[in-house]
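One-letter residues, chain by chain:
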Amino acid sequence: MPTEQGYSPLVLIVDDHPDNVEVLQVRLDALGYRTACASDGETALNMVAQSPPDLILLDVMMPRMDGNEVARRIKADKSLPYIPIIMQTALDSTQSKVVGLDSGADDYVTKPINYAELQARMTAALRIKSLQDKLAEMAITDALTGLFNRRHLDERLDEMFEHSVRLHEPLSVVMFDIDHFKKVNDTYGHQVGDAVLAQFAQLLKHAARDIDRIGRYGGEEFMVLLPGTVIDAGVTFAKRVRQEVETHQFEYEGGALQCTISAGVAAFPHPGIHNRQKLVKAADDALYVAKTTGRNRVIRIGDEEFNANVKEVDDQHADGTVGGGNSRSN
Ligand SMILES: [Mg+2]
């Protein structure tokens, strides 16, 4: 039962009494769970921070830090995924259960433990965790491409920008846009358009490093965040992607087609860029210049063509005729 799709959930057993831990561990091992153990709250919190388990069996009565406090701290830590907590309590009083549930426990079992009941409650808790994990994943993912969505990418950029400012590290942002994408949709239909978007996403994934963050920013617009990267290296990356796309056969059911992309590159540090919004706007402006000066090219902020065209972009932004992406002619 626990080994659904070959995956064995990791259960952290927290109890100050070694005999209790041993009995639980033997039982859960036999049922196919992976187990880890902690004999006090402090150790448990460290283990959770190191590698979050899928479920915690938490003793309430422990010296120094009791189970209620452990549960409170785990549930208050926003950096952790959802981890169901089942309290084990010797106190079969309504009051102690209420305190446990109030402090963040998801369920409880009373000692001495009835193992059939424990297993049923664990299965239920893991089912909820699996749904929670799926929801958390969906909330940050663009469904079509599997890349990050715009909101998540903006959040990552906030963190990266702050990090860059603090440590004086460079940060490049590349905006990509598929040229004449509307024509692809109009000529071949939206299914083929979707196939092109998904394949371009794969291509970006292959081109980027593990530390880079890639997202779909709008319809056919993609953004890549390159931490620790000066603008020259950002431009090199963008040019490599542009070149790969130019020679790539975008396959769809019944054929293949070719596309080109345009890209705009901006980077921090830069005299005019003091926040995340300015950085994105600069990359977006550079992309706009790449579009208006022929497409299938990479433009960086500050180069000759950018400077010759960017005032016009600012003017158009000011009177609202060119927005942040969708109103740009593709
Ligand atoms: Mg105890």
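Residues numbered from 1 in each chain as written. Predicted model: local features only at pLDDT ≥ 70, side-chain atom pairs only at ≥ 80, totals over all residues. Heavy atoms only, no water.

## Brief notes about the coordination of the magnesium ion
Then step 1. Looking at the metal site, the magnesium ion is ligated by Asp16 (OD), Asp59 (OD) and Met61 (O), spaced 2.0 to 2.2 Å from it.
Then step 2. Sequence spacing of the donors to the magnesium ion: D-x42-D-x1-M.
Then step 3. The exposure class of Asp59 is buried, given its relative accessible area of 3%. (Donors = N, O, S within 2.8 Å, 3.2 Å for Na, K, Ca; no water. Buried < 20%, exposed > 50% of the residue type's maximum accessible area, 1.4 Å probe, protein only.)

## Focus on empty space enclosed by the protein
Then step 1. Per the stated rule, a full pass over the model turns up 1 cavity of 30 Å³ or more.
Then step 2. Taken as a whole, the largest cavity holds about 50 Å³ of empty space.
Then step 3. Every residue along the wall of the largest cavity is listed here: Val60, Met87, Thr89, Ser96, Lys97, Gly100, Leu101 and Tyr108.
Then step 4. Broken down by secondary-structure element, the contributors of at least two residues to the lining of the largest cavity are β4 (85-89) and α4 (94-102).
Then step 5. For the lining of the largest cavity, the per-class residue count stands at 4 nonpolar, 3 polar and 1 charged. (1 Å grid on protein atoms, 1.4 Å probe; cavity = no way out; pocket = protein on both sides within 12 Å on 5 of 7 lines; lining within 4 Å. Points joined across faces, edges and corners; volume = space filled by probe spheres on them. Helix = DSSP H or I, 4+ residues; strand = E, 2+ residues; numbered from the N terminus. Nonpolar A, V, L, I, M, F, W, Y, C, P; charged D, E, K, R; others polar.)

## Quick word on the packing of helix α8 (residues 190-207) against helix α9 (residues 231-247)
Then step 1. Close contact between α8 and α9 brings their axes to 11 Å; oriented N to C, the two are set at 140°. Here α8 is positioned oblique relative to α9, judged by the angle of their axes. For the pair α8 and α9, the crossing hand works out as right-handed. Along the contact surface, α8 presents Phe200, Leu203, Leu204 and Ala207, while α9 presents Phe237, Arg240, Val241, Glu244 and Val245.
Then step 2. Taken together, the residues of the contact of α8 with α9 break down into 7 nonpolar, no polar and 2 charged. (Axes fitted to C-alpha atoms, helices over the stretch in contact; angles between N-to-C directions. Parallel < 35°, antiparallel > 145°, perpendicular 65-115°, else oblique. Left-handed = near helix turned anticlockwise from the far one by under 90°. Contact = heavy atoms within 4.5 Å.)

## Describing the domain arrangement of the protein
Then step 1. Split by domain assignment, the protein resolves into domain 1 (4-138) and domain 2 (150-319).
Then step 2. Look at where the C-alpha atoms of domain 1 and domain 2 centre, and you get two points 44 Å apart. (Domains from an automatic or database assignment.)

## Side note on the pairing of strand β2 (residues 34-38)
Then step 1. Across 5 bridges, strand β1 (residues 10-14) lies against β2 in parallel orientation. Bridge pairing in β2 links Ile13 to Cys37.
Then step 2. Handedness of the crossover joining β1 and β2 through helix α1 (residues 18-30): right-handed. (Pairing = 2+ DSSP bridges. Right-handed = clockwise from strand over helix to strand, strands pointing away.)

## Considerations on the packing of aromatic side chains
Then step 1. In this structure the tally under the stated criterion is 5 aromatic pairs.
Then step 2. An aromatic cluster of at least three residues, connected via ring pairs, comprises Phe176, Phe200, Phe222 and Phe237.
Then step 3. In this structure, Arg27 packs its charged tip against the face of Tyr115, placed 4.1 Å from the ring centre. (Phe/Tyr/Trp six-rings, centres within 6.5 Å; stacked < 30°, edge-to-face > 60°. Lys NZ or Arg CZ within 6 Å of the ring centre and 35° of its normal.)

## Thoughts on unusual backbone geometry
Then step 1. Along the chain, Lys111 connects to Pro112 via a cis peptide bond; the corresponding omega equals -5°.
Then step 2. Relative to the helices and strands, Pro112 is located in the loop between β5 (107-110) and α5 (115-140).
Then step 3. Cis geometry is adopted by the peptide bond preceding Pro269, which originates at Phe268 and carries an omega value of 0°.
Then step 4. Relative to the assigned elements, Pro269 resides in the loop between β11 (261-268) and α10 (276-292).

## Brief notes about the environment of Arg72
Then step 1. Along the chain, the position of Arg72 falls in helix α3 (residues 67-76).
Then step 2. A residue is classified by how much of its surface remains accessible, and Arg72, at 41% relative accessible area, is partly exposed.
Then step 3. Between the C-alpha atom of Arg72 and that of Gly104, which follows or precedes it by 32 residues, the distance is 5.6 Å.

## Some thoughts on the nonpolar core
Then step 1. Judged by nonpolar contacts, the single largest core of 58 residues is most densely connected at Phe176, Ile178, Phe200, Phe222, Met223, Phe237 and Val241.
Then step 2. Core analysis: the next-biggest nonpolar cluster, separate from the first, contains 21 residues, Leu10, Ala44, Leu58 and Val70 among them. (Core = buried A, V, L, I, M, F, W, Y, C linked by side-chain atoms within 4.5 Å.)

## What to know about the sheet that holds β1
Then step 1. Taken in spatial order, the 5 strands make up an open sheet running β2-β1-β3-β4-β5, and their pairing is parallel. Each edge of the sheet is formed by a strand with only one pairing partner; in this case those strands are β2 and β5. Looking at each pair of strands side by side, their axes are set apart by 20° on average, direction ignored.
Then step 2. Judged from the 4 bridges that link them, β1 and strand β3 (residues 55-59) form a sheet pairing that is parallel. Bridged to Ile13 within β3 is Leu57.

## Looking at the pairing of β4
Then step 1. A large share of β4 lies buried, amounting to 5 of its 5 residues.
Then step 2. What you see with β4 is no split at all: Ile85, Met87 and Thr89 on one side and Ile86 and Gln88 on the other are buried throughout.
Then step 3. You can see the chain leave β3, run along α3 and come back into β4, and the turn it takes is right-handed.

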